[in-house]
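Here are the chains, one letter per residue:
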Amino acid sequence: MLCVHVLLKGSSGNLKSVSMITISESDNWEISSNSGMKYGQFVDWEKIDPEAAKRYQQILMSEHQQLKAMGREGFWAMPHTLRAKAYYHVIHSINSRSVTSDRDVYYELARKLFGEQKISTHPVPEYMEAGEIPRYCLNKAGLNSVKKILLCLDQHFPEMNFCPILPALVSLILHFSQDEAECFYSVSRLICYNDPNKRYIDQTFLTYRASCMTFGDLANRCCRGIRKLIASSHQNLFEFYSDWIMWIFAYLPFTYAIRVLDVYLLEGYKVLYRVALALLSLYKVSVSSRVADVEDFRTDMKRFVQNVARHCTAETLLEGAFLVPMATRRELNLLFNANKDSLMQKGVNIHQTRQTVETVDFTNFSSSVVTGIEMRVVWAWIPERFALFSPIRLFSTAEHGRRLASFYSHVEGHEPAVLMIKTVDEEVFGAFLSTDMTERRKQDHEGLTYFGTGECFVFMVRHIVLIHRHSLECILYCNDCQIRSVITLSAPTQHGALPAQQANMFIAGDDRQLIIGGDGGHALCLQEDLEGGYTEHCDTYKSVPLCKGYFKIQSLEVWGIQNSISLSHSFPSP
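Reading guide: rules and limits
Residue indices begin from 1 for each chain and proceed along its sequence in written order. Whole-chain, interface and lining totals are the exception, using all residues; otherwise, since this is a predicted model, local features are given only for residues with pLDDT of at least 70 and side-chain atom pairs are given and counted only at 80 or more. The basis for every side-chain value is the complete set of non-hydrogen atoms in the structure, without hydrogens or water. Helical segments are the DSSP runs of H or I of at least four residues, strand segments are the runs of E of at least two, and each set is numbered from the N terminus. Categorising residues by exposure relies on relative accessible area from a 1.4 Å probe, with only protein chains included: less than 20% of the type maximum marks a residue as buried, more than 50% marks it as exposed, and the intermediate range marks it as partly exposed. In what follows, a contact means two residues having at least one pair of non-hydrogen atoms within 4.5 Å. Per-residue accessibility takes into account occlusion by the displayed protein chains alone, with areas from the Shrake-Rupley method and a 1.4 Å probe. On a range of 0 to 100, pLDDT expresses the predictor's confidence in each residue. The nonpolar core is taken to be a set of buried Ala, Val, Leu, Ile, Met, Phe, Trp, Tyr and Cys residues, with the residues joined through side-chain atoms within 4.5 Å. The span expected for a helix works out to 1.5 Å for each residue beyond the first. Of all possible arcs, the one meant is that of the directions from the helix axis to the C-beta atoms. Here, axes are lines fitted to C-alpha atoms. For helices the fit covers the stretch in contact, and angles between N-to-C directions go from 0 to 180 degrees. When an angle is under 35 degrees it counts as roughly parallel; over 145 it counts as roughly antiparallel; between 65 and 115 it counts as roughly perpendicular; any other value is oblique. Ten residue types, Ala, Val, Leu, Ile, Met, Phe, Trp, Tyr, Cys and Pro, are classed as nonpolar, four, Asp, Glu, Lys and Arg, as charged, and the remainder, Gly among them, as polar. A carboxyl oxygen of Asp or Glu within 4 Å of a side-chain nitrogen of Lys or Arg is what we treat as a salt bridge. Aromatic rings from Phe, Tyr and Trp, taking only the six-membered ring of Trp, are treated as a pair when their centres fall within 6.5 Å; an angle between ring planes under 30 degrees marks them as stacked, one over 60 as edge-to-face, and anything in between as tilted. Note on geometry: a ring has a charge over it if NZ (lysine) or CZ (arginine) is within 6 Å of the ring centre and within 35 degrees of the ring normal. Note on patches: the residues involved have over 30% relative accessible area and no salt bridge, like charges join within 9 Å, and the nonpolar side chains Val, Leu, Ile, Met, Phe, Trp and Tyr join within 5 Å. A strand pair is defined by DSSP finding two or more bridges across the two strands.

### Some thoughts on the overall build of the protein chain
Counting secondary structure elements, the protein chain contains 22 helices and 14 strands. By the burial criterion, 55% of the 574 residues in the protein chain qualify as buried. Put simply, 70% of the contacts in the protein chain that link residues at least 6 apart link residues at least 24 apart. Carbon and sulfur atoms make up 51% of the accessible area of the protein chain, which amounts to about 26300 Å² in all.

### Some details on the confidence of the model for the protein chain
Per-residue pLDDT for the protein chain averages 80, and the proportion of residues at 70 or more is 81%. Contacts of residues 1-8 to residues separated by more than four positions or lying in other chains number 23 contacts, the stretch itself having pLDDT below 50. For residues 463-503, every residue scores under 50 in pLDDT, and the model assigns this stretch 119 contacts once sequence neighbours within four places are set aside.

### Regarding the nonpolar core
One finds Leu 166, Trp 247 and Phe 249 to be the most contacted residues of the largest nonpolar core, which totals 146 residues. Discounting chain neighbours no more than four positions away, the residues touching Phe 249 are Tyr 136, Ile 165, Ala 168, Leu 169, Leu 172, Leu 261, Tyr 264 and Leu 272. If you look at the next biggest cluster of nonpolar residues, it comprises 33 residues, including Leu 404, Val 411, Met 437 and Ala 523.

### Some words on helix α5 (residues 103-114)
With 12 residues, α5 ought to run about 16 Å at 1.5 Å a step, and its terminal C-alpha atoms sit 16 Å apart, in line with that. For α5, the complete set of buried residues consists of Val 105, Tyr 106, Leu 109, Ala 110 and Phe 114. On an axial view of α5, the arc spanned by its buried residues comes to 130°, and they lie on one face. For α5, exposure combined with an orientation more than 90 degrees from the buried face picks out Asp 104 and Lys 112. Next to the buried residues of α5 lie α6 (140-156) and α8 (180-192).

### Describing the packing of helix α14 (residues 269-288) against helix α16 (residues 314-321)
One can describe the packing of α14 onto α16 by two numbers: an axis separation of 8 Å at closest approach and a directional angle of 105°. As the angle between them shows, α14 and α16 are arranged roughly perpendicular. Facing Arg 274, Val 275, Ala 278, Leu 279 and Leu 282 of α14, the residues of α16 in contact are Leu 317, Leu 318, Gly 320 and Ala 321. Partitioned by chemical class, the residues of the contact of α14 with α16 number 7 nonpolar, 1 polar and 1 charged.

### Points about the environment of Ile 173
Mapping Ile 173 onto the fold places it in helix α7 (residues 166-174). The class of Ile 173 is buried, set by a relative accessible area of 2%. Ile 173 sits 89 residues away from Ala 84 along the chain, and the two C-alpha atoms are 8.6 Å apart. Once residues lying within four places of it in the same chain are set aside, the contact partners of Ile 173 are Ile 91, Cys 183, Ser 186, Val 187, Leu 190 and Leu 261.

### Section: the pattern of salt bridges
Under the definition given, this model contains 24 salt bridges. Connected through salt bridges with shared partners, the residues Arg 83, Arg 259, Asp 262 and Glu 315 form a single ionic network.

### Quick word on the packing of aromatic side chains
Summed over all chains, the structure comprises 32 aromatic pairs. Between Phe 176 and Phe 254, the aromatic rings sit 6.4 Å apart at their centres with planes inclined by 10°, giving stacked as the arrangement. With a gap of 78 residues between them, Phe 176 in the loop between α7 and α8 and Phe 254 in helix α13 (residues 254-267) connect regions that are remote in the sequence. Comparing Phe 176 with Phe 254 shows no difference in burial state: the two are buried. Above the plane of the ring of Phe 336 lies Arg 199, whose end atom (NZ or CZ) is 4.0 Å from the centre. We note Arg 440 situated over the ring of Tyr 408; from NZ or CZ to the ring centre the distance is 3.6 Å.

### Considerations on the side chain of Ser 186
As for its position among the elements, Ser 186 is in helix α8. Assessed through its relative accessible area of 2%, Ser 186 is described here as buried. Sequence-distant contacts of Ser 186, defined by excluding residues within four places in its chain, comprise Ile 91, His 92 and Ile 173.

### Considering a nonpolar patch on the surface
Taken together, the side chains of Phe 42, Val 43 and Ile 48 define a hydrophobic patch exposed on the protein surface, amounting to about 360 Å² of accessible area. For Phe 42, a relative accessible area of 78% corresponds to the exposed category.

### Focus: unusual backbone geometry
With an omega of -5°, the peptide bond between Met 78 and Pro 79 qualifies as cis. For Pro 79, the location among the structural elements is in the loop between α3 (64-73) and α4 (80-91). Put simply, Glu 415 and Pro 416 share a cis peptide bond, and its omega is -5°. You can see Pro 416 is positioned in the loop between α21 (404-411) and β4 (417-423). The backbone of Tyr 136 sits at a positive phi, close to 55°, despite the residue not being glycine. Note that Tyr 136 resides in the loop between α5 and α6. In this model, Leu 530 sits at a positive phi of 55°, which is unusual for a non-glycine residue. Its place among the elements puts Leu 530 in the loop between β12 (524-527) and β13 (532-534).

### A look at the packing of α13 against α14
If you want to describe how two helices pack, look at the angle between their axes and the distance between the axes. Across the interface, α13 lies against α14 with an axial gap of 7 Å and an inter-helix angle of 145°. Together, Val 260, Val 263, Tyr 264 and Glu 267 of α13 and Tyr 269, Lys 270, Val 271, Leu 272 and Val 275 of α14 make up the contact between the two elements.

### A look at α6
The end-to-end C-alpha distance of α6 is 25 Å, a good match for the 24 Å that 17 residues give at a rise of 1.5 Å each. Along α6, the positions that sit buried rather than exposed are Ala 141, Gly 142, Leu 143, Ser 145, Val 146, Lys 148, Ile 149, Leu 150, Leu 151, Cys 152 and Leu 153. For α6, the elements touching its buried residues are α5, α7 and α8.

### Section: the environment of Leu 388
Secondary-structure assignment places Leu 388 in the loop between α19 (384-387) and β3 (391-396). Along the backbone, Leu 388 and Val 360 are 28 residues apart, and their C-alpha atoms lie at a distance of 6.6 Å. Contact partners of Leu 388, with chain neighbours within four places excluded, come to Met 213, Ser 342, Leu 343, Lys 346, Val 357, Glu 358 and Val 360.

### Some points on the pairing of β12
As paired strands, strand β11 (residues 513-516) and β12 are joined by 4 bridges and run antiparallel to one another. Of the residues in β12, the one forming a bridge with Leu 514 is Leu 526. With 2 bridges joining them, β12 and β13 adopt antiparallel strand pairing. For Leu 526, the partnering residue across the bridge sits in β13 and is Gly 533. Between β12 and β13, which follow one another and run antiparallel, lie 4 residues, and Leu 530 among them has a positive phi close to 55°.

This is the structure in structure tokens:
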């Protein structure tokens, strides 16, 4: 605005000085019932809060690693004006692919979609799973702006066909945006980011479902207790996990969601896995004492997250999230791609919206070792990309005889496999073997060669209801099954995994014996005639004896996975 003084003739004929305002084009008044709110736009906030101004300068001068530390500790959490500036700086520092999604693009899209109409009706964008938009602290005008931005994003990214987190993400970012156009630009940068090891937003049902499966694999490792509860309750475990990202970007209260957003904008998708696992661990503690009263775990989890303030603060949640042992970004990306490949084998493609992916039906399952119910529980523990497919019997002592050579001839060439044994004393146990048995022949020296990956585990089937936790490892006694394992996604990493000399001793075999676990004792050792074997404490799996030491075999079976995808050759050996 430009203030000038002019001389006007008064009523008495004398000249007097009067202040006038000339408004430049950029300062024109624009009053619209559906425009974004710009609270405090006339205030010099740096004068009101000099400490915030000083912090902002620190943000501008900080490298990425410093910013990560700041985000985790809540450096810009208050005042909200500082958080708004920090978000602007962080988002605009993201190196997205070259896409013209600037303010002018938004204005042009909005003009075409809405014109000068005060009220217009549009179909809900296809990528939204439902029409719900988390409002958080937005007023009616803000909620209207979210709808406009979502519709413009739909027009600008026509290849995006499934993205249920976008309404919440737009709502959150709009709280700290100058206007609709800035929010549109910020979200567009996240959508366009194309580093596979640090992605931000899944945009198709295929990638969304692969992310859900990857989370399921992580939960299998880090929070086995809740998996046991759901698997043994006959409820759909994958449907429960399919909501994992909505726990954060839909159900979390606003003050919690923005603290997650602080770190998500800097660290990408990996931090969402961390937070969801922390929420799952908290939920497991909450639900264990009332599991008999839970009719639907999915709905119960939603209520739990919405009321998470009863259980922890936002800071405690983040602290717990960063204590979760986690694979590297590269390892997560390998697992994500393997899960995606499995889904494509099941018929899911990048162009399809939400669809039903058939799960394994154990109703007509037949085995001389386990029941259908027991097999379903065991199947719930194998990696998600394999659990999509039905089990196929590769070998059984009843059909193929009791020779280790016959065992190898029927099992080799199949990866992975589930070994299951019933003893003459009716004890049932086994192992998940992640790697093809042909690897036993690849040796350049005499003696046994160990092979396998950290996805191997051993298990026992019992009918006891008890849960016991010890350190980061869990011993789970289900009503159907006990599983004891050390599950990592690849060669064990520095994050709470076993030393390499222990972790690499997963499987070994020759013509005389098959060994599962080789450090500090064998978790399982089978004799050449498959008449018996022994089990003992094993440091590789941190497992107790699977039964009472030496045993005689009543029945032994090996089950393969139909159309399986393998990761064993994708990861380096330790």
